[in-house]
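Tertiary structure, described
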Amino acid sequence: MRLNEDFIDEIKARIRPSELIGRTVQLKRQGREFAGLSPFKKERTPSFFVNDEKRFYHCFASGKHGDIFTWLEEMEGLSFMEAAERLAGEAGLRLPEPDPQAAEKQVHRKSLVEWMEAAQAHFMRSLFGPHGEPARQYLKSRGLTGEDCKRFGIGFAPDSRTGLKDELVTAGAPVGDLIECGLLIQPDNGSPYDRFRDRIMFPIHDPRGRLVAFGGRALSKEARAKYLNSPETPIFHKGSVLYRFPEARRAASDPKQSIRGLIVAEGYLDVIALARAGLEHGVAPLGTAITEEQLQLLWRAGGEPVMCLDGDRAGRAAAFKAADRALPLLQPGKTLRFAFMPEGKDPDDILREDGANALRAMLTETRSLADMLWEREVGVEPLDDPDRRAGFRRRIRGLVAQIADGDIKEEYRREFDTRMEALFGSRPRSTYNRKGPGRLPRLGASPDLKRAARPAPGAADARILLLAAIEHPEIALDQVETLALLPLGSLDSLRDAVLDACSSGQSVPPDTLRALLAEAGFAAILKRLDGERGPMRAVLGGNEASARTRAESWMRLASAYMERSEAQRRREEVRARLDEEIDRADSESVRRLVEIRLRETSRSEPS
């Protein structure tokens, strides 16, 4: 069977050579390429290079050169079809059934793409022609120049029923082909007419770089749809394409980028704004919630994709949908992060009003997928009675159960358990092991007993309390004595630096405080603490909480944390004395002592 070029190109688009070859050869990034020792000849200096952007490898020592197919043929002695079968499975594709008309279909699809390219040329000429003045004025109001329009292939579809149809048919296009690729609409009665009219046109390319669709933004406020995309066609499947993905994937491989994964914005102009700010690795789904295929595209480009969303309710709803879609697919190194613009603003607004540096800075303040899920579930209802807390725990367990990867599932379970302990506190478990005929095992001898007797006093609470004092310096200023007394363990030095920064008695702006702490050498710790922002906001009453509510919530958590820490200290004293007495006393007297002492400390510990 002969595979057509479209299928081969699709496999190459889905598998990075560095990922495949890196399983055999130890590769290190050098600029846009990866380098390693030749797998074909013995050598001490690397002369073997892999280029993901150009999809090939080259060995200067042996002269061998090829792609992922020739790699498997060279290294494993596979035939071309055996290599294709292996790679297709890895790419999530099935080898096509033998089709005697495959070559003819491939030629036809190629002709459809060529008519799409002809349409783009028409749209670009129209933008700079006499009928394109309103479109040029609109684009100018969005900060785009004529050069920007040429760079991004932006065009204009005039308000003409058959302008595009007439030009392409005159050039030899069959009307049926123009209907098939979505440029014309065939009504039930009457002649076909142009699908896009009086719209600014954005070209959409598939992962292989072929022009397969358009997105059109209406200029008229009376238009029934503000944005109109091409329909599903033989060359375009909306759920498997991202706007500007080919360009973004190439940009993401640049080691100079501060954000390595792709940036997912909401619309075409947002992606263009990112590119104009120097962030060429921006993409956008095509007007729908992100799909599983689009997630795989994002992860295929490498790094952790950042969902760049508006800070309003719709933006957060989109974030939650993306988190739900990604959850079952998570694997080590394949997750999502989230960045939110100020409410009412999108990336294009930030670029025009505050500049490229401000936009890049906002994209470095990201939140994890775990944060987004936690924030949503905490906000479902007040957690002020046992029934609601039980419902919350069940929802969290249900989310964790959706994760297919075992290692990721265990990490999420631990993370959410820690957060629930911080939110609700924990009660002591059973006091001792009753197994055995009247014999009490020595403390420390049983792992189960040790875990039951030594609950953590709330390390997550310590992180939340300190982060809250940094994010809201008025808390540090007003509660300086309480903050100074908190036993924070490894965070004591950072707490002391916060107190020093607030020692003047004047409130310090949060950004200024963080800058001072970073200069003092705490940048890495601050970054780790930022992972607690979701739980911190929940504990302090949510994003809309007043300063008074935040302060009162902080004091309640601080009080509970100090009580649990003191109870933990007393338990440790009791256990130390018990260990001594176990060495020299009979088991029955020790049993009675354990019951008395641990009952006393349990009564004194806050619930």
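Overview of the structure. (Residues numbered from 1 in each chain as written. Predicted model: local features only at pLDDT ≥ 70, side-chain atom pairs only at ≥ 80, totals over all residues. Heavy atoms only, no water.)

1. Regarding the overall build of the protein chain
- Broken down by element type, the protein chain carries 27 helices and 16 strands.
- Within the protein chain, the fraction of its 607 residues that count as buried is 47%.
- A separation threshold of at least 6 residues defines the contact pool for the protein chain, and within that pool the share at least 24 residues apart is 65%. (Helix = DSSP H or I, 4+ residues; strand = E, 2+ residues; numbered from the N terminus. Buried < 20%, exposed > 50% of the residue type's maximum accessible area, 1.4 Å probe, protein only. Contact = heavy atoms within 4.5 Å.)

2. Regarding helix α4 (residues 80-90)
- Three or more residues of α4 are buried, namely A83, A84, L87 and A88. End-on, the buried residues of α4 take up no more than an arc of 130 degrees, which puts them together on one face. Facing away from the buried side of α4, by more than 90 degrees, are the exposed residues E85 and G89.
- In the core, the buried residues of α4 are packed alongside α1 (5-14), α2 (17-21) and α3 (68-76). (Arc of directions from axis to C-beta.)

3. Structural notes on the sheet that holds strand β11 (residues 227-229)
- Spatial strand order, β6-β9-β10-β11: four strands in an open sheet with antiparallel pairing. One side of each edge strand has no neighbouring strand; the edge strands of this open sheet are β6 (155-157) and β11. Within the sheet, the average angular offset between the axes of one strand and its neighbour, ignoring direction, is 35 degrees.
- Bridge analysis of strand β9 (residues 199-205) against strand β10 (residues 211-218) gives seven bridges, and the strand direction is antiparallel. (Pairing = 2+ DSSP bridges. Axes fitted to C-alpha atoms, helices over the stretch in contact; angles between N-to-C directions.)

4. Section: the side chain of S553
- With respect to the element layout, S553 can be found in helix α26 (residues 547-584).
- Residue classification places S553 among the buried residues on the basis of a relative accessible area of 6%.
- Polar side-chain contacts of S553 include one of 2.9 Å to the backbone oxygen of T549.
- In contact with S553, not counting residues within four places along its chain, are V539 and L540. (Polar contact = N/O pair within 3.5 Å; in protein donor to acceptor, adjacent residues only side chain to side chain.)

5. Some points on the sheet that holds strand β13 (residues 282-283)
- The strand order β13-β12-β14-β15-β16 describes an open sheet built from five strands, whose pairing is mixed. Edge positions in the sheet fall to β13 and β16 (367-368), since each of these pairs with one other strand and no more.
- Pairing of strand β14 (residues 306-309) with strand β15 (residues 337-340) involves four bridges; the strand directions are parallel. Directly across from V306, in β15, lies its bridge partner R337.

6. Some words on the nonpolar core
- The biggest cluster of nonpolar side chains holds 58 residues, and the ones touching the most others in it are I154, L183, F214, Y243 and L363.
- Among residues more than four places away in sequence, those in contact with Y243 are F202, P203, I204, Y268, V271, I272, G282, V283, A284 and L286. (Core = buried A, V, L, I, M, F, W, Y, C linked by side-chain atoms within 4.5 Å.)

7. Regarding the packing of aromatic side chains
- Inspection of the entire model under this criterion finds 16 aromatic pairs.
- With a centroid separation of 6.2 Å and 70 degrees between ring planes, the pair formed by F40 and W71 is classed as edge-to-face. In this pair, F40 is assigned in the loop between β2 (33-36) and β3 (48-51) and W71 in helix α3, connecting sequence segments 31 residues apart.
- What makes W71 buried here is its relative accessible area of 2%.
- Ring geometry for F202 against Y268: centres 5.0 Å apart, planes inclined by 20 degrees, an arrangement best described as stacked. Remark: Y268 occurs in helix α11 (residues 268-276) and F202 occurs in strand β9; sequence separation between them is 66 residues. Accessibility assignment for this pair places F202 and Y268 in one class, buried.
- Every member of this aromatic cluster is reached through a ring pair, and the members are F40, F48, Y57 and W71. (Phe/Tyr/Trp six-rings, centres within 6.5 Å; stacked < 30°, edge-to-face > 60°.)

8. What to know about the pattern of salt bridges
- In the structure shown here, the tally under the stated rule is 45 salt bridges.
- Here R109 makes a salt bridge to D6, at a shortest N to O gap of 3.1 Å. Residue R109 is found in helix α5 (residues 102-127), and its partner D6 is found in helix α1; the two are separated by 103 residues along the sequence.
- A salt bridge links R414 to E410; the nearest nitrogen and oxygen atoms lie 3.1 Å apart. A residue pair is termed a helical-turn pair when its members lie 3 or 4 positions apart in one helix, as R414 and E410 do in helix α18 (residues 406-424) at four residues.
- A relative accessible area of 46% means that R414 is categorised as partly exposed.
- Given a relative accessible area of 29%, E410 falls into the partly exposed group.
- The structure contains a network of salt bridges with shared partners spanning D324, R376, E377, E381, D384, D385, R388 and R395. (Salt bridge = Lys/Arg side-chain N within 4 Å of Asp/Glu carboxyl O.)

9. Side note on unusual backbone geometry
- The backbone of R55 sits at a positive phi, close to 65 degrees, despite the residue not being glycine.
- For R55, the location among the structural elements is in the loop between β3 and β4 (56-59).
- Owing to a relative accessible area of 23%, R55 belongs among the partly exposed residues under this scheme.

10. A few points about the environment of W115
- Note that W115 resides in helix α5.
- With relative accessibility at 17%, the residue W115 sits in the buried group.
- For the pair formed by W115 and L183, sequence separation is 68 residues and the distance between their alpha carbons is 9.0 Å.
- The residues contacting W115, other than those within four sequence positions of it, are L168, A171, G172, A173, P174, D177, L178 and L183.

11. Topic: helix α10 (residues 245-252)
- The buried count for α10 comes to six of eight residues, which makes it a mostly enclosed element.
- Buried within α10 are the following residues: F245, P246, A248, R249, A251 and A252.
- Here the buried face of α10 lies against α1, β9, β13 and α12 (292-300).

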